[in-house]
Structures are given as structure tokens and as C-alpha cells.
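In case you want the letters, here they are:
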Amino acid sequence: MKILVCIKQIPDMESRFKVNGTGDWYDEADLAYRMNEYDEYGVEQAVQLKEQLGNDPDVTVLSIGSDRVGEALKKALAMGCDRAVHVQDADSGRKSPYQIASVIAAFAKDKGFDLIFTGMQSQDRGSAQVGVTVAELLGRTCATTLVDFACADGVVTGKRELEGGMKGVVKFALPALVTCQLGLNIPRYPTLPNIMKAKKKEFVVVPVAELLAAEPMTVTEKLYAPTKKGGGIVLEGDMADMADRLVGILKDKTAVLR
Amino acid sequence: MAPNITIFAPLLAASLLLFAWNCYRRFSLVAVGQAEDRFQRPATRLWEMFRFAFGQKRVLSRPFGVVHACIFWSFLALVLANGEFLVAGLVPSLNLGLLPAFAHHLLMLVFDLVSLLALTAVLVAAGRRLFCPPAYLDSSYAKARSPEAFMILSCIAVLMLAYFGLHGALIELGQEPAGWMPISARAGKLLGPLSPQGFAALASFFWWLHAVVLLAFLNYLPLKKHMHIITAIPNCFFKSLEKPNTQPREEFKVGNSFGVGSVDQFTWKDLLDGFCCTECGRCQSVCPATATGKPLNPRQVVHDMKANLVNGTMDGKLFKSAQPLIGSQGEGSVAEDAIWSCTTCGACMAACPVFIEQMPKIVKMRRNLVEMQTRFPEELLNLFENIEGRSNPWGIAPTERTKWYSTMDVKPFEAGKTEYLLYVGCAGSFDSRQKHVTVALATILDAAGVSWGILGKEELCCGDSLRRLGNEYAFDKLAKENVQLFKGKGITKVITQCPHCFSTLQNDYRQYGLELEVLHHSQMINLLIADGRLQLNSQVKHLGNIVFHDSCYLGRHNDVYEAPRQAIEAATGSAPAEMERNRENSFCCGAGGGRMWMEEQLGSRINLNRIEEALTAKPDTICVSCPYCLTMFDDGLKDLQSGKDLPSGRTQVKDIAEVVAEGLRPSV
Ligand code: SF4
Ligand code: SF4
Ligand code: SF4
């Protein structure tokens, strides 16, 4: 069995972000990076599946980005992936989700992956398009936002998170692509021997130009901080008077009493 | 008096062989351990051995230790007496009578008196075990009133009685001078008026009694805790010369194993410790984890290590454990929740009379759990990721590091321009309560005209919690980054407001080749007051009765006891009140060793134990010198005082910097 896990390295979401010089993405200076949380669930699930199947599956982890993404790939290797592919692209932040998906699809198309894991979305751009688009481009079965995953005899049984706290059970045969949601698993903390071993694992670097053919279908026009909304209103005084004023405001400014 | 050599010689030979064999077996088990250099600075080591083993310094730090010291010193003298006894048993002409008469007589007198001393001490010890055994003598594997204890004490008593009997009879027979052996002479009189044959028979009986008990005792030694008679003195020689919480670095090479997951991964010194334990229970009586009903007992850890070793087998040169070292298999295994209960407060090590290193063994096992098995309480996953990702335990964005000084003018450290780096530390930067302390300290430094600066957003966590929790790999990375940062900036003098940063910067980073002059803020404040650079405007009175809590990492781990007390005294005009357990006997707040970041689900809470002790001094203010202590006391007090109607008002918790800064307010 061959598994592909696609991961993205994202800035620490606790950071203070600034818009970059061209006004279309955030400024990358002074940021600390880590693996996208949802992708970490993917790595963990792939490694768990590998363990479940007696170490047979070969797990490739792929990431697109500048040199710093090597760190995220190394973490995935330490967690238990077998080989890493770094698609080198210093400008990946400004590629559209469609372009990213096409790069992945171009890489994966002739490799015979039985199962592809991606995160449900990235924590920075949050388009939630890459996984499904890869599946579409490869003509694969696809199940999104998995919170539970089981695989036996080439059949995946998964639980998807639906709106309003509902869960849906899906069952499908491999090959397939799944996207991972919070709650799927608890990503492991790699053991030190595995961190050491990771340093010796295969690590391939591919320039993005070798895989990128697609033109962007959407372009980020402008990135800006949300404009500050006006402050709240605090009503004070007599209870009945306050109630009247509240009704007035609701009538004027909202649709609830119309 | 000539014993029957044809019986005695083979008996002696057999006993000595058996003794040698048993010692060999034990010591070959010690040799299973990993290499470790414990021979550096031999002169210091000899001196320490002299003070602590022969001088019984630690033993005497507890009142009852005087009984042990009596037995020990008597033993030292009687080693000579018993040596003569055995040699003369083989070759009667080889005896102390060969010495000049004066020396011989003096020795007779000494032996006689010392035997009485030993006999008395043994009776007192037996009485204590029988009538008022302290709780800490009991453990899961040995009881205060164990038959073994009484057997050993009776052995010693019988040896002394036989000694008096033998010499009493010899005096009666006119073979020894009565004047030099007053006690034996009295014993001889008690033996009765007898015929010379009668006395000769008695002499021979006592001689054999003495011989048999002595040889039996000798052979019993290596089997149980009395092995310490042989091992404790060398163990004092091999004691760690490092600060107790500075563990050796690990080498991160592929194929290495990390930490200690099986008993043979301990060093030989660790294993020797196992054969030194006297089962005195002192470590158990001071351990905060044991005191609050947690599954950890430092004495039990040492015992389990030894049991695991002794239960194992040797397959040629290879050691095979019979059971896992870490696990819940009972005796011989150390439970994981015991390992995680340690606050690394070092009380156990400070109490142990024979310098057993309990806490470092626990940290070594933590290393194995974290690095080899990634088995640790789940709260720690977040902690590790927070420190590795954002270089602070809370996981707050590093950019927030400078928020504490929004209202002050604070300069970055610049080599050549700034004298001191104020290493704010994670708690001082992010903890909303401790930020007040940082501001207080900064105000003091400014008022005294100190040239100081900070690293600001470049500051990293010192890694204390990582190291004590056994995440040595992550600590190693952080330490290297910090050392590079400090060296690059040309930092040589540092002020910290946290004993954990203090200890890590000063002791642990030395292992990475960084020698810093680190001052805890209590020391800095004292310096400034002593120099007259810090002038207070008024005496701080409104904080009322202040009681001081010694932080383990400042006190026990770094011997700073007076500085914080003097700072308080300088500010308030009077020395702080003391808790019952103070200075090197201080009781931990419960936050050390990374416990700050873990839930305390087992047993009762350590901070409450300490706060209740503090409250017996009826303080208005509990004064601390450590951010973690501050949190633990604040939290505990809130729990204790919530919903209670306290007529005298609530006790508050202050850091020494806050107390001193109060004195900077303009006087009214
Ligand atoms: S270091 Fe403190 S908590 Fe840990 S075992 Fe020793 S006394 Fe107990
Ligand atoms: S480890 Fe030390 S303090 Fe603890 S019981 Fe043994 S000898 Fe006593
Ligand atoms: S937090 Fe305070 S009392 Fe607790 S271990 Fe540290 S220094 Fe000791």
C-alpha cells in the first residue's frame, strides 16, 4: 500500500500578522512556523494505519513552500512517515488553492497512491479547497472533514463532521482521498530515536516548476485587517426606559422586529 | 586464652570466603552500571568523606543521629579490637600485648569504655524502635519493628556482652589487668566466685560466642541494609560535587538509548547508592510527595532500583532484568505516577546521611519515558509544544514578551553600554501576577541607577521545566540557542527574578561552556542596599507580619538563604517570621520539576500543606522569591480563604521585590 500525506507549514496563529509590501498576503518576517494542525491529524492517521498494517504501507509526506518547510517535513518523518518530498517554491503563499492542488496532482498522478491524506483546510488561508481539488483532478473518491477513520481490506469506514453537530458515516473503497478534521486523533510526540532516524530518511527536493502547469483561476486582490466596528452601546437608567430604547434600536438597526 | 585452632581456622576461612563471595556478587552487580567519573578533585572528596562519613555531620543533623554516631565511632575503635581478636585466634602470640605496655593499656581502656557506649546506644536504639518508632522508619518493605532490626541490635549487644564476659573471666583468672578494664572487671565480679576451671570454661564460652556472632554478623552484612557499613564511607567519597539538580548532558547519537529504562542503564554510582541505603527513612520524612500521599517515596525508589538489580541474573557479562524497572509490577519496579510526582525539590538528597541521589534517578527515568517512549501526563504535550514552538510554557505569542513594560521606559541590552541583563523570564513576561513583580524590580533597578537592559522579543525560555521533566533533547536545543544568544550579545552579568532561571543559567549552562555571573534579584537588591545605592523613602509597615518561604531552587539547590531575608529586613525594619521548616529544611510549594504544569490529582495538595504551615505564624503577608511559588501560594490561599469570613483580613502573597518597592513610594 502507498500513502501520500500533504502538509502545509503555517505561521503560529498566535503571532501578530502584518500585511506584506504587495498588499496581497501577510509579511513572513518575524513569524514562527509549525505544521498545519489539520495536516498533523493526517500524518498521525497515516502512521497509525501503517502500524495497523504491520508496517507494510509506504508513507510519503509532501509539502510545498520555501526552505523552511523542511522543518515540518522532518517532524512528519519523525512521527513515522517514510520519505519526504519538498516541492520548492519560495512564492507558494501567493499561489491559488487550485494551483497548489494541481502541483500535488501532478506529483501524485503516476505514483499509484492508494490513499491520500490532507488537512480539512489550512489554518492561514483556510480555503478548504486543496484536498477536494486534488481528488477531482485525480478522479478519486473523496471524503472530507473526517473525525473517525478505519480501514480494513481496502475499504475505509469514516465519520464526517456535518453541520450542527451531526455526524455522517461514509464507506468507500480505495483508492481515495480524505481530509482530516479536529477530533480525528491526537498527533503523537515523536520519540527521540525516531527524531534521530528521521535525519537519515529519504528527502527529495523538486523545484515547483517541474510540476506546475496550471494558471491561477483566482487571484488574491487585496489583504487587509477588518475595519474596526463602532463601539457597543451601553444603556443606562430606568428599566422601562431602557427597554423602550432597546426596542427602538432593534427596529432601526436590525431586522428582528420588522 | 588459646582457642582450638583446628576448629577456628577452618571456620574463619569459610566465613571470610563466604563474605568475600557475597561482597563480590554485590559489587559485580554495581559494575553492571554505566561509566561515570566520580574521581575528579580527590582532595575535596577525601575531605567531604572525612566530614560526612567519619565526622557523621549529616547523621548528627537530627537529634537521634547521636545514637548512630555513638555506635559508629565505637565500631571504628572496635574494628581494631575485633581484628586483634580474629588474628590472635589463629596465632595467639600476635596480639596487642606486643605494643608498649602503656599503649596496650590505653587501648584496653578505650575498648572497654567504647563497648559500654555501644551497648548503651544499642539499647536506646532498640527502645526507640520498640516504644516510640517514628513513622518514617516504616515503609512498604521494612518496618520499624522488623525482626531484622532487632536481630542486628541484639547481635551487637551480644558481641559487647561477650566481650565483657570474656575479659571479666580473664581478669578473674589473673590474665588481664583489672585496672585498665573497669567494666570488664565489674562483669568478672558478677560472673561469680568460681573456680579457675569455671572461669576458664566461661572464658572459652564467651570467646566462642563472640567469635561465632562476629562471623555471622560479618556474613549478614552484605545481604541487607547493613551493607551500608561497608559502602557508606566510599559513597560519601563519591558524592556528587555538582549542584543537585544539574544532571549530566546526554549525547544525541543515532543508536543511543536515552535516559534510564532498565536498571543496567543507571551508572555504577546510582547502583552503589542502592547498596548504601540505611533505611533511615529521612528522605521519606521530608519528601513533599510522600507527605501528601502521592505514590512517590524516594526511599522506595532506591529500594526498588536495588531490588530490580538483585533480582536480575548475569548471563556471562550480560545483565538480564527479571522485571521492568519502570512499571506497576510492585517491588523492584518504579511506578510511572511515582516518577511524575517528584517536584525535584531536592529535600531527599539534602536529608540523606549517606548522599544517595534519589532525585537524579527519577529525572533519568523521566528522560526515558519522554524521549524513548513519549509516555507522560497528557498536560505535558501542550507544555512541550508551547516551549518548542513559542519558547514559553503558556504558549503565548513571543511578541507579547515585552508587554509588561508598556508604562515604563525599558532599554534593550547593548554590549559595552549596559552592565546587567535583566533576564525577565517567562513568568515575569507572561504571568499577569508576576508582571507586577517585574515592574517592581525594574523600578528598584532604576531607583538605584543600575545600568540594565533586556532581550525583549529575543528572550527565550531558559528550559528549566524541560530539563527537570526529562525532555533533555528539547532542553539541549534551547540551551544551545540561549548560549549562542548570550555569547553573541556579550552578556556576562545577569539578574533573574526566578530561582529556576537563576539555577539554570548559572549551573546548567555551565555545561555548555557559558560562565555567567548570575544574581537572583534578592542578591541584587541586597547589594544595592549595602552599597547605599538603593535608598528607601520609608519603612514598609503596612504589609504587617511577614513570613518568608524558601524556594527550593534558590535555597537548597543554590544555598541562597540570607539574601531574601536581609532584603525584607532592610525594607521593613524587622526580620521575617520563619516557618517551622525553613532554609535547607524548607518544604516545597509543589511547582518544581515541571509540576507547575501538571494536574495534581493524587493525594492532597502540596501547596495547601505548605500554606497551612505558613498560616500558623499568623502572617498578614507571605513573602516569596519565586514566580512559581507565588502562583502556588496565591492559588492555595484563594482556595483556603474563599467563602471564609476572616476577621483579621486576608493573608496576601508578595514577592520580595514588591515588598522592597513599597519602600520606594514617596513617604507621607
Ligand atoms: S526531589 Fe523532592 S519531591 Fe522529589 S523525591 Fe526528592 S524529596 Fe521527593
Ligand atoms: S535513601 Fe538515604 S535518607 Fe533515604 S532511607 Fe536510604 S539512607 Fe535514609
Ligand atoms: S516553585 Fe518554589 S518551592 Fe517549588 S520547587 Fe520551585 S522553588 Fe521549590
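All values reported here derive from a predicted model rather than from experimental measurement.

Peer 1: So what about the overall build of chain A? Which residues, and what values?
Peer 2: Each helix and strand counted, chain A has 6 helices and 11 strands in total. If you line up chain A on its principal axes, its C-alpha atoms span 75 × 45 × 40 Å. By the burial criterion, 45% of the 258 residues in chain A qualify as buried. In chain A, the share of contacts with a sequence separation of at least 24, taken over all contacts with a separation of at least 6, comes to 70%. Working note: accessible area of chain A is about 13600 Å², and carbon and sulfur atoms make up 53% of it.

Peer 1: I'd like a rundown of the site of ligand 2, residues and numbers included.
Peer 2: Near ligand 2 lie 13 residues; those nearest to it are B:C277, B:C280, B:G281, B:C283 and B:C352. Among the residues forming the shell around ligand 2, the class breakdown is 7 nonpolar, 3 polar and 3 charged.

Peer 1: I'd like a rundown of the packing of helix α3 (residues 65-90) of chain B against helix α7 (residues 196-220) of chain B, residues and numbers included.
Peer 2: Residue and element names in this part refer to chain B. Close contact between α3 and α7 brings their axes to 12 Å; oriented N to C, the two are set at 115°. Between α3 and α7 the crossing geometry is left-handed. Residue-level inspection shows F75, N82, F85, L86 and G89 of α3 in contact with α7, the latter providing W207, H210, A211, L214, L215 and F217. The class makeup of the residues in the contact of α3 with α7 is 8 nonpolar, 3 polar and no charged.

Peer 1: Give a detailed account of the interface of chain A and chain B, specifying residues and quantitative values.
Peer 2: Facing 18 residues of chain A, the contacting portion of chain B comprises 22 residues. The junction of chain A with chain B conceals about 1600 Å² of combined surface from both sides, 60% of it contributed by carbon and sulfur atoms. When the area that chain A buries against chain B is broken down by residue, the three leading residues are A:Y189, A:L192 and A:M196, summing to 42%. Where chain A meets chain B, there are 3 salt bridges. Across the pair A:D12 and B:R390 runs a salt bridge, and its minimum N-O distance is 2.3 Å. The tally of links between chain A and chain B comes to 5 residue pairs in polar contact (both at pLDDT 80 or more). Counting residues per element, the side of chain A that touches chain B draws most heavily on helix α5 (residues 192-198) of chain A, at 4 residues.

Peer 1: Mind laying out a nonpolar patch on the surface, listing which residues take part and the relevant values?
Peer 2: All names here are of chain B. A surface patch of nonpolar side chains, about 480 Å² in accessible area, is lined by I5, V87, L90, V91, L94 and L98. As for its placement among the helices and strands, V91 is situated in the loop between α3 and α4 (101-131). For V91, a relative accessible area of 38% corresponds to the partly exposed category.

Peer 1: Kindly report on the sheet that holds strand β5 (residues 493-496) of chain B, identifying the contributing residues and their values.
Peer 2: Residue and element names in this part refer to chain B. Taken in spatial order, the 4 strands make up an open sheet running β4-β3-β5-β6, and their pairing is parallel. Unpaired on one side and paired on the other, β4 (452-453) and β6 (517-520) mark the two borders of the sheet. Taken together, the 3 bridges between strand β3 (residues 420-423) and β5 define a ladder with parallel strand orientation. Looking at the pairing, L421 lines up with V494 of β5. Strands β3, β5 and β6 of the sheet are contacted by helix α22 (residues 521-530), whose axis makes an angle of about 85° with β6.

Peer 1: I'd like a rundown of the pattern of salt bridges, residues and numbers included.
Peer 2: Counted by the stated rule, this structure contains 57 salt bridges over all chains. The salt bridge partner of A:E40 is A:R34, with a shortest N-O separation of 3.2 Å. What makes A:E40 buried here is its relative accessible area of 4%. The salt bridge involving B:E658 is made with B:R433; its shortest N-O contact spans 2.9 Å. Of this pair, B:E658 sits in helix α26 (residues 656-662) while B:R433 sits in helix α18 (residues 432-447), and the two are 225 residues apart along the sequence.

Peer 1: Outline the environment of A:T118, supporting the account with residue identities and numerical values.
Peer 2: Residues and elements named next belong to chain A. Looking at the element boundaries, T118 is found in strand β6 (residues 115-119). When the C-alpha atoms of T118 and T179 are compared, they prove to be 4.8 Å apart, with 61 residues separating the residues in sequence. Apart from residues lying up to four places away in sequence, T118 is in contact with C6, D39, G131, L177, V178, T179 and C180.

Peer 1: I'd love a proper account of the site of ligand 1, names of residues and values included.
Peer 2: Residues and elements named next belong to chain B. For ligand 1, the set of nearby residues contains 13 residues, the closest of which are C287, C342, C345, G346 and C348. Looking at the shell around ligand 1, the elements that each hand over two or more residues are α14 (347-351) and α15 (358-372). Grouping the amino acids of the shell around ligand 1 by side-chain chemistry returns 10 nonpolar, 3 polar and no charged.

Peer 1: Tell me about the packing of α4(B) against helix α6 (residues 182-190) of chain B, and please be specific about residues and values.
Peer 2: Residue and element names in this part refer to chain B. Between α4 and α6, whose axes approach to 7 Å, the crossing angle comes to 70°. For the element pair α4 / α6, the angle class is roughly perpendicular. Every residue of α6 that contacts α4 at L109, D112, L113 and L116 is listed here: P182, I183 and S184. Considered class by class, the residues forming the contact of α4 with α6 number 5 nonpolar, 1 polar and 1 charged.

Peer 1: Mind laying out the domain arrangement of chain B, listing which residues take part and the relevant values?
Peer 2: Residues and elements named next belong to chain B. Looking at the assigned domains, one finds that chain B contains domain 1 (5-30 + 62-237), domain 2 (263-372), domain 3 (379-530) and domain 4 (546-662). Look at where the C-alpha atoms of domain 3 and domain 4 centre, and you get two points 22 Å apart. Facing the 33 residues of domain 3 at the interface are 32 residues of domain 4. Here domain 3 packs against domain 4, burying approximately 2600 Å² in sum over the two surfaces, 68% of which is carbon and sulfur. When the area that domain 3 buries against domain 4 is broken down by residue, the three leading residues are E379, R433 and H500, summing to 21%. Counting across the domain 3 and domain 4 interface gives 2 salt bridges. Among the elements that make up the side of domain 3 that touches domain 4, the one with the highest residue count is α18 (7 residues). Tallied by class, the residues present in the side of domain 3 that touches domain 4 amount to 15 nonpolar, 13 polar and 5 charged.

Peer 1: Break down the environment of B:Q284 for me, with residues and values.
Peer 2: Residues and elements named next belong to chain B. Residue placement: Q284 occurs in helix α10 (residues 282-286). Between the C-alpha atom of Q284 and that of V334, which follows or precedes it by 50 residues, the distance is 15 Å. Excluding its chain neighbours within four sequence positions, the residues that come into contact with Q284 are A135, Y136, D138, S139, T290, N297, P298 and R299.

Peer 1: Provide a residue-level description of the nonpolar core, including the pertinent values.
Peer 2: All names here are of chain B. Residues W452 and F486 are the most contacted members of the largest nonpolar core, which totals 147 residues. The contact partners of F486, leaving out residues within four places of it in the chain, are L421, Y423, L455, I491, V494, L505, L514 and L516. Within the second largest apolar cluster, 47 residues are counted, among which are L78, A81, L86 and L214.

Peer 1: So what about helix α5 (residues 147-172) of chain B? Which residues, and what values?
Peer 2: Residue and element names in this part refer to chain B. An ideal rise of 1.5 Å per residue puts 38 Å on 26 residues; α5 measures up with 36 Å between its terminal C-alpha atoms. Counting buried positions along α5 gives 19 out of 26 residues, so the element sits mostly inside the fold. Two residues or fewer past α5, G174 is found with a positive phi of approximately 75°.

What counts, and where the lines are drawn
- Residues numbered from 1 in each chain as written.
- Chains lettered and ligands numbered in written order.
- Predicted model: local features only at pLDDT ≥ 70, side-chain atom pairs only at ≥ 80, totals over all residues.
- Heavy atoms only, no water.
- Helix = DSSP H or I, 4+ residues; strand = E, 2+ residues; numbered from the N terminus.
- Buried < 20%, exposed > 50% of the residue type's maximum accessible area, 1.4 Å probe, protein only.
- Contact = heavy atoms within 4.5 Å.
- Areas by Shrake-Rupley, 256 points an atom, 1.4 Å probe, with all protein chains shown as cover.
- Near = heavy atom within 4 Å.
- Nonpolar A, V, L, I, M, F, W, Y, C, P; charged D, E, K, R; others polar.
- Axes fitted to C-alpha atoms, helices over the stretch in contact; angles between N-to-C directions.
- Left-handed = near helix turned anticlockwise from the far one by under 90°.
- Buried area = accessible area lost by both parts, 1.4 Å probe.
- Salt bridge = Lys/Arg side-chain N within 4 Å of Asp/Glu carboxyl O.
- Polar contact = N/O pair within 3.5 Å; in protein donor to acceptor, adjacent residues only side chain to side chain.
- Patch = residues over 30% accessible without salt bridge, like charges linked within 9 Å, V, L, I, M, F, W, Y side chains within 5 Å.
- Pairing = 2+ DSSP bridges.
- Parallel < 35°, antiparallel > 145°, perpendicular 65-115°, else oblique.
- Domains from an automatic or database assignment.
- Core = buried A, V, L, I, M, F, W, Y, C linked by side-chain atoms within 4.5 Å.
- Expected span 1.5 Å × (residues − 1).

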